[in-house]
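Overview (structure and organization)
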Amino acid sequence: MPKADRLDKHRKNWKTCLTNKYFSTSRLDKPNKTVVDTSAHHEAIKTAVEGWAEVDLTKLVFTDISGRSNNKTYRVAAPEGAEPKTVILHINKVGEDDTASAERERDAQKAGAEIFPQRLSADDSLEIVIEADGGNPVGADRTVKDFAEALASVHKVEPAWFDAAKEKIGEKLEALKEGAAGAPVWWFALHPVMLAGLSEDKLKEFMADFVEPISEAGKKVVTCHGDFHKGNVLEKEDKTLQVVGFDFMYAGFAALDIAYYLMVNSLPPPARKEFVQ
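Calculation criteria
Residues numbered from 1 in each chain as written. Predicted model: local features only at pLDDT ≥ 70, side-chain atom pairs only at ≥ 80, totals over all residues. Heavy atoms only, no water. Helix = DSSP H or I, 4+ residues; strand = E, 2+ residues; numbered from the N terminus. Buried < 20%, exposed > 50% of the residue type's maximum accessible area, 1.4 Å probe, protein only. Contact = heavy atoms within 4.5 Å. 1 Å grid on protein atoms, 1.4 Å probe; cavity = no way out; pocket = protein on both sides within 12 Å on 5 of 7 lines; lining within 4 Å. Points joined across faces, edges and corners; volume = space filled by probe spheres on them. Arc of directions from axis to C-beta. Pairing = 2+ DSSP bridges. Axes fitted to C-alpha atoms, helices over the stretch in contact; angles between N-to-C directions. Core = buried A, V, L, I, M, F, W, Y, C linked by side-chain atoms within 4.5 Å. Lys, Arg positive; Asp, Glu negative; His and termini not counted. Salt bridge = Lys/Arg side-chain N within 4 Å of Asp/Glu carboxyl O. Polar contact = N/O pair within 3.5 Å; in protein donor to acceptor, adjacent residues only side chain to side chain. Parallel < 35°, antiparallel > 145°, perpendicular 65-115°, else oblique. Left-handed = near helix turned anticlockwise from the far one by under 90°.

Bringing the overall build of the chain into the picture now. Along the backbone of the chain there are 10 helices and 10 strands. Across the 277 residues that make up the chain, the buried fraction comes to 42%. A separation of at least 24 residues holds for 66% of the contacts in the chain among residues at least 6 apart in sequence.

The calculated volume of the second largest pocket comes to roughly 490 Å³. Lining the second largest pocket are 18 residues, with P184, W187, F188, Y250 and L256 positioned closest to its centre. Among the elements of the structure, α6 (185–189), β10 (250–253) and α9 (254–264) are those that each provide at least two residues to the lining of the second largest pocket. Counting residues per element, the lining of the second largest pocket draws most heavily on α9, at 6 residues.

Glancing now at helix α5 (residues 163–172). Of the residues making up α5, those classed as buried are A165, K166, I169 and G170. Taken end-on, α5 shows its buried residues confined to a sector of 140°, consistent with a single buried face. Summarising the geometry of α5, the exposed residues directed more than 90 degrees from the buried face are E167 and E171.

What follows is about the sheet that holds strand β1 (residues 61–64). Here 5 strands make up an open sheet; going across it, the order is β1-β2-β3-β5-β4 and the pairing antiparallel. Taken across any chain shown, the strands that pair with only one partner, and hence form the sheet edges, are β1 and β4 (119–122). For this sheet, the mean inter-axis angle between neighbouring strands, taken without regard to orientation, is 25°. Bridge count for β4 against strand β5 (residues 128–132) is 3 bridges, and the pairing is antiparallel. From the neighbouring strand, A122 faces β5, where its bridge partner is V129.

In this section: unusual backbone geometry. A cis amide bond links E83 with the next residue in sequence, P84, at an omega value of 0°. Relative to the helices and strands, P84 resides in the loop between β2 (72–77) and β3 (86–91).

What the 3 strands build is an open sheet, ordered β6-β8-β9; its pairing is antiparallel. Edge positions in the sheet fall to β6 (136–137) and β9 (241–243), since each of these pairs with one other strand and no more. The pairing of strand β8 (residues 233–235) with β9 spans 3 bridges and is antiparallel. For E235, the partnering residue across the bridge sits in β9 and is L241.

Turning to the nonpolar core, a few remarks are in order. Of all hydrophobic cores here, the largest spans 45 residues; its most connected members are F162, L176, W186, L195, F228, M249 and F275. Top contributing element to this core by residue count: helix α4 (residues 144–155), with 6 residues. Listed in part, the 17 residues of the second largest apolar core include I45, A48, F62 and V76.

A few words on the side chain of R104. Mapped onto the elements of the fold, R104 is located in helix α3 (residues 99–111). Notably, R104 is buried but unbridged: the nearest opposite-charge side chain belongs to E105, and the N-O separation is 6.5 Å. From its side chain, R104 meets the backbone oxygen of D247 in a polar contact 3.1 Å long. Excluding residues within four positions of it along the chain, R104 makes contact with W161, F162, A165, L190, D247 and M249.

Its place among the elements puts G139 in the loop between β6 and α4. The class of G139 is partly exposed, set by a relative accessible area of 28%. Taking the C-alpha atoms as reference points, G139 and L234, 95 residues apart in sequence, are found 9.1 Å from one another.

Here we take up the packing of α4 against α9. Interhelical geometry of α4 versus α9 gives an angle of 150° and a closest axis separation of 11 Å. With respect to α9, the axis of α4 lies roughly antiparallel. α4 and α9 meet at a crossing whose hand is right-handed. In contact with F147, L151 and H155 of α4, α9 contributes A254, D257, I258 and Y261.

Put into structure tokens, the structure is as follows:
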């Protein structure tokens, strides 16, 4: 490929390169099989789960349900007869840049508590989080409409909670202070490694380089999930759906969340139309 063509390709795809850079450093090629001493969390679980006060901690069963990230997630089951039957334990890898992430998540939870799994306990850094069990992977009988309604429930959360996060981002990256409310740059700005090393001019270019959606519904600034796909939707015992995986939650154009779902899910044109409607 001629040098000029390679440079042009890079110019057009540099944002994709940034995304790949983030996922290569924060997500693993294979599921996370790191061994963790779960017994170290027995007392925290017993304290957090009211119904397990008399449970024999040695009989707790930990099932690793971690995805492709550096964090660990376990479904913890109590002995037969205890209620609730299971809870979820998150053991998160917390670095120096994650304080803002924890603050952002707490603000989001306050604004939209109804869409999150019930949090039973968490430390200030959110390194150890214990939640009510959100359910099991969705069945094949779930329709496109079901997923669309699940995403719509996230979009109903008032996006004002994200203002504080944008202000903190602007303190570190002055070029983003004037960023448009719905611009996709905020999705990238959630994680410092995504924009690390970019000059102020490149940041300004990034901030301005977007197309506002045409429809009124698409350009409405809403609370976006940021990583909405079937793997981040669970089915509860009562058959209602529970959205999980809010690491990339931010405020942006509704169309960005919809486009992300359509990008990561192979749907025929009629199904894509049904999801958008």
